[in-house]
Amino acid sequence: MTELITKIRGAEAVIKCLKEENTEYIFGYPGGAIMPIYDALYDYPEINHVLSRHEQGAIHAAQGYARASGKTGVVFATSGPGATNLITGIADAMIDSTPLVCITGQVASQLLGTDAFQEIDIISISMPVTKWNFQVTNAEEIPEVLAKAFYIASSGRPGPVLIDITKDAQFALADFTYEKCTKIRSYKPVPTVSSDAINEAATLINAAKKPFLIFGQGIILSGAEQELKTLIEKTGIPAAWTILGLSALETAHPLNVGMLGMHGNYAPNVLTNECDLLIAVGMRFDDRVTGNLNSYAKQAKIIHFDIDPAEINKNVKADVAVLGDAKASLTMLIDAVDKNNHSEWLAKFRSLEAKEIEKVQQKDLYPGEGPISMAEAIRVVNEQTAGEAIVVTDVGQHQMVTCRYAKFKNTRSKITSGGLGTMGFCLPAALGAKLGAPDKTVVAVIGDGGFQMTIQELGTLFQTGANVKILILNNEFLGMVRQWQELFFEKRYSFTEMSNPNFVLIAKGYGISGKTVRERADLESAVTEMLQHPASYLLEVMVGKEDNVFPMVPTGASVSEVKLGPE
């Protein structure tokens, strides 16, 4: 607890609270209702403020920072449109379990409910997409409320919190003392792991002939990467990942069998419906992973490890549910399971993998003729970064290609918008990731559509001087929608073709160097130039306009009906 400071303004109390929480960066955009807090921040140069060009850019940058660093992202916005512009990012953070504390200014308390200038009921608007929100109308409340906000955002299953502070509370004088929050009555963020549930899980694992482990971001959020690796190496169980679980296990690990889901790898999708035991750790059985639930792993016993009780039996009924933090749960499980080897079962994954390599991957990665492919560009980046870079993606075909083909050696190296699928996420999130992991090379892989949703954040890159490598895979289409139109709507390309500006020239206007590559012979040297450039750099690669991403599980189909190409 800090010592009592008598009579400071509520606005300064906010900044002092952030200092007590060791806040490195604030991502935000000033305005009238939050101006007192910005005025107080002026006297605290030790806290870095990143001025975004749009509030959505600020919150996506905070997400990227949180995902890369493991810390809580902090966002400032003013009332009215400033606050509402945060909602997409808040929803994205809620679904993807990203810890954020969003602080919005609000009109003076005597004006609440009068439709005052830039007044909006952001508490009601944000309630469905926050772990907790609260409106402060009294300066005395600020320290306790912000302490709770940081605790709630980062504890248990992380998520976004929004604190709305009226302008009079920012101006008012109040005593200040700060005590970090470590518990809240009736809020139990981390369930105690049941030893009985662990023993039940171990019994099923020890008896299984064809066990299969699937892991999500819960491994990364709990810091259980080593425990996951130890478990699968002891038991010999093949392991596959969701897109948010990617990088928790080294891509090259011999028991890593690839990505699950709609555009996941062939083997893990098909063999989901052949395993006799499915072990899910820190994932929520999203519909993009399960396909048709009526035919999902019906032959298998299910063990579900999760920190959030709401996820248990929500989509897939568990035979054994293990509630608790993944690191604690897996630590107990490692001691309870027998050493084993499932080489014949693993060989089946590798056999199906070989089929995918022959029918899909070889053509994707080494097309040889015709336009450059998206996968080819990612392969060249892999070769030059050796799995050490942080790769951030936007949403669409390039996202799925990058998830499938990018290689990783380290955790927290793949950052993308998963559950909400937010176009425009990548550019600001990559900036935040670079600030959260300054010693890492950060590559932002973006489609031409998503890039233009937050293209103004080039200005934020320019002003901060952050070194982000921007790789635009430009097919002059909204590629994923176009693929669906081709496959399911008789090639009726309704409003998906893009007439794009000169991206390199726009970047130059922001002081960012770049070039466009159209020929395969120029790709490797262009990627080298991008990666070796001492500052941010934009590389536009013109790729096949009507290339599709396969494998693919059609909507409503079983995961075992995954297709390696168009029929």
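Use the structure listed above.
Residues numbered from 1 in each chain as written. Predicted model: local features only at pLDDT ≥ 70, side-chain atom pairs only at ≥ 80, totals over all residues. Heavy atoms only, no water.

> Can you tell me about the nonpolar core, naming the residues and giving the values?
Ranked by internal contacts, the top residues of the largest apolar core, which has 99 residues, are Phe212, Leu213, Ile214, Leu278 and Leu333. Here leucine 333 is in contact with Ile198, Ala201, Ala202, Ile205, Leu231 and Phe305, once residues within four sequence places are set aside. Judged by nonpolar contacts, the second largest core, of 51 residues, contains Ala62, Ala93, Val129 and Val468. (Core = buried A, V, L, I, M, F, W, Y, C linked by side-chain atoms within 4.5 Å. Buried < 20%, exposed > 50% of the residue type's maximum accessible area, 1.4 Å probe, protein only. Contact = heavy atoms within 4.5 Å.)

> Summarise helix H5 (residues 87–95); cite the residues concerned and give the values.
The set of residues buried in H5 consists of Ile87, Gly89, Ile90, Ala91, Asp92 and Ala93. Elements that come into contact with the buried residues of H5 comprise helix H3 (55–69), helix H4 (81–84), strand E5 (100–106), helix H6 (122–126) and strand E7 (160–166). In the stretch just after H5, serine 97 is the one whose phi turns positive, near 55°. (Helix = DSSP H or I, 4+ residues; strand = E, 2+ residues; numbered from the N terminus.)

> Summarise the packing of helix H9 (residues 195–207) against helix H14 (residues 326–336); cite the residues concerned and give the values.
The contact between H9 and H14 brings their axes to 9 Å, and the two run at 50°. Taken as axis vectors, H9 and H14 run oblique relative to one another. Considering only the axes of H9 and H14, their crossing is right-handed. For the pair H9 and H14, the contacting residues are Ser195, Ile198, Asn199, Ala201, Ala202, Ile205 and Asn206 in the first and Ser329, Met332, Leu333 and Ala336 in the second. (Axes fitted to C-alpha atoms, helices over the stretch in contact; angles between N-to-C directions. Parallel < 35°, antiparallel > 145°, perpendicular 65-115°, else oblique. Left-handed = near helix turned anticlockwise from the far one by under 90°.)

> Can you break down the sheet that holds strand E15 (residues 390–393) residue by residue, with the values?
Read across the sheet, six strands follow the order E16-E15-E17-E18-E20-E19 without closing on themselves; strand pairing throughout is parallel. With partners counted over all chains shown, the strands left at the sheet margins are strand E16 (414–415) and strand E19 (513–517), one partner each. Pairing analysis gives two bridges linking E15 to E16, with the strands arranged parallel. Its bridge partner being in E16, valine 392 is matched across the sheet by isoleucine 415. Seen against the sheet, helix H23 (residues 520–532) touches strand E17 (442–447), strand E18 (469–474), E19 and strand E20 (537–542) and runs at an angle of roughly 160° to E20. (Pairing = 2+ DSSP bridges.)

> Pulling in residues and values, what's your account of the packing of aromatic side chains?
Enumeration over the complete set of coordinates arrives at 13 aromatic pairs. When the centroid spacing of 6.5 Å and the interplanar angle of 15° are considered together, the rings of phenylalanine 176 and tyrosine 178 count as stacked. By relative accessible area, tyrosine 178 is classed as buried at 1%. Between phenylalanine 285 and tyrosine 296, the aromatic rings sit 6.0 Å apart at their centres with planes inclined by 75°, giving edge-to-face as the arrangement. Of this pair, phenylalanine 285 sits in the loop between strand E12 (277–281) and helix H13 (287–290) while tyrosine 296 sits in the loop between H13 and strand E13 (301–306), and the two are eleven residues apart along the sequence. An aromatic cluster is present here, built from Tyr25, Phe27 and Tyr65 joined pairwise through their rings. (Phe/Tyr/Trp six-rings, centres within 6.5 Å; stacked < 30°, edge-to-face > 60°.)

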